[in-house]
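Single-letter residue listing:
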Amino acid sequence: MATAAMFARSVRLFARKNLSPEALSAHLATRAVQIRDDLIASHQAPTTYTTYVDGQKNAREAVVQPDGVILYRFHYLPQATLLAMEQAMRLSPVRSGRYRRAWCVVVDGRVWTQDLARIPAGSEVMVLNPEPYARKIDTGGMKTSVPPGIVEATRQIVQRQYPNIKAERQFVTIPAGVIPGAPWILRQNHGRSRSRSAGQPITYPALVLKEKV
């Protein structure tokens, strides 16, 4: 809202001075780039974004109409993923350290081993722990030095920090071959649910992140 208001005030100011349509367009483009770069430099916005000029995706700012709109859609998914990993590890019990170190990121069904900053816009990200006892720790079925609900606590932190990200706690199945050692196969029945029957792969609590449309 503040950025839109600044644009509007600039356009009105120049309009009062009877500048030509070309000059108004040039001014709007210059101001848009300046405000965008200032937000990035002050760490109020990430370095990745998509530009929309008069509704056209990836258009150059210079083609904006005198009464047009320049919109930057910043991509916060990498930052949200980093925060999720940091918080999940911080909230984890520390005995051997194995559980804390096991947290990983899965992007569109594949383990992400690159820099988190390179996660593409529009991806589905899962932050999860593939240890066979991860579900018990998260649901309280195993007593540890920390309270249960690590994934939900992490979700709340991420959602507060990044309201433009859709953050959900889900129980997911890890396909064979995606993460070494997963999925863990149940050796005996656990409850009445068919998915908790002996011989079935367990489901893992995961934080699923997507950009809101």
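As a starting point, this report considers the structure included with it.

Thresholds applied
Residues numbered from 1 in each chain as written. Predicted model: local features only at pLDDT ≥ 70, side-chain atom pairs only at ≥ 80, totals over all residues. Heavy atoms only, no water. Helix = DSSP H or I, 4+ residues; strand = E, 2+ residues; numbered from the N terminus. Contact = heavy atoms within 4.5 Å. Areas by Shrake-Rupley, 256 points an atom, 1.4 Å probe, with all protein chains shown as cover. Core = buried A, V, L, I, M, F, W, Y, C linked by side-chain atoms within 4.5 Å. Buried < 20%, exposed > 50% of the residue type's maximum accessible area, 1.4 Å probe, protein only. Phe/Tyr/Trp six-rings, centres within 6.5 Å; stacked < 30°, edge-to-face > 60°. Pairing = 2+ DSSP bridges. Axes fitted to C-alpha atoms, helices over the stretch in contact; angles between N-to-C directions.

### A few points about the overall build of the protein chain
Across its full length, the protein chain holds 6 helices and 8 strands. When the elements of the protein chain are put in sequence order from the N terminus, they spell out α-α-β-β-β-α-α-β-β-β-α-α-β-β. Counting contacts in the protein chain only where the partners sit at least 6 residues apart, residues at least 24 apart contribute 60% of the total. Summed over its atoms, the accessible surface of the protein chain is roughly 12,700 Å², and 52% of this surface lies on carbon and sulfur atoms.

### Considering the nonpolar core
In this structure, I70, W103, V105, V125, V127, L207 and L209 are the most contacted members of the largest nonpolar core, which totals 38 residues. The dominant element in this core, judged by the number of residues it contributes, is helix α3 (residues 77-91), at 6 residues. Excluding residues within four positions of it along the chain, V127 makes contact with T81, A84, M85, W103, C104, V105, A206 and L207. Counting 13 residues, the second-largest nonpolar core is a separate cluster that includes V106, I174, I179 and A182.

### Considering the packing of aromatic side chains
In the structure shown here, the tally under the stated rule is 6 aromatic pairs. Between the aromatic rings of Y49 and Y72, the centroid separation amounts to 5.7 Å while the plane-to-plane angle is 85 degrees, which identifies the pairing as edge-to-face. Linking Y49 in strand β1 (residues 49-53) with Y72 in strand β3 (residues 70-74), this pair joins segments that are 23 residues apart in sequence. The partly exposed category is assigned to Y49, whose relative accessible area is 28%. By relative accessible area, which is 12% here, Y72 ends up buried. Look at Y76 and Y162: their rings are 5.9 Å apart centre to centre, the planes differ by 45 degrees, and that puts the pair in the tilted class. With Y76 in the loop between β3 and α3 and Y162 in the loop between α6 (150-161) and β7 (165-172), this residue pair connects regions lying 86 residues apart in the sequence. Across the pair, Y162 and Y76 agree in class, each one buried. An aromatic cluster of at least three residues, connected via ring pairs, comprises Y49, Y72 and F74.

### Overview of the side chain of R36
The topology assignment puts R36 in helix α2 (residues 21-41). A residue is classified by how much of its surface remains accessible, and R36, at 12% relative accessible area, is buried. R36 has contacts with Y49, E61, Y72 and F74, leaving out every residue within four places of it along the chain.

### Notes on the sheet that holds strand β2 (residues 56-57)
Pairing between sheet strands relies on hydrogen bonds along the backbone, with the strands arranged either parallel or antiparallel. Overall, antiparallel pairing links the 3 strands, which are arranged β2-β1-β3 in an open sheet. The open sheet has two edge strands, β2 and β3, and neither has a second partner. As defined by bridge partners, β1 adjoins β2 across 2 bridges and the pair is classed as antiparallel. Residue pairing across strands places V53 opposite Q56, the latter belonging to β2. Sitting on the sheet, α2 touches β1 and β3, and the angle it makes with β3 is about 20 degrees.

### Observations concerning the sheet that holds strand β4 (residues 104-107)
What the 5 strands build is an open sheet, ordered β5-β4-β6-β8-β7; its pairing is antiparallel. The open sheet is flanked by β5 (110-111) and β7, the only strands paired with a single partner. Here strand β6 (residues 125-128) pairs with strand β8 (residues 204-211) via 4 bridges, running antiparallel. Along β8, the bridge assignment pairs V127 with L207. Sitting on the sheet, α3 is in contact with β4, β6, β7 and β8, with an inclination near 155 degrees to β8.

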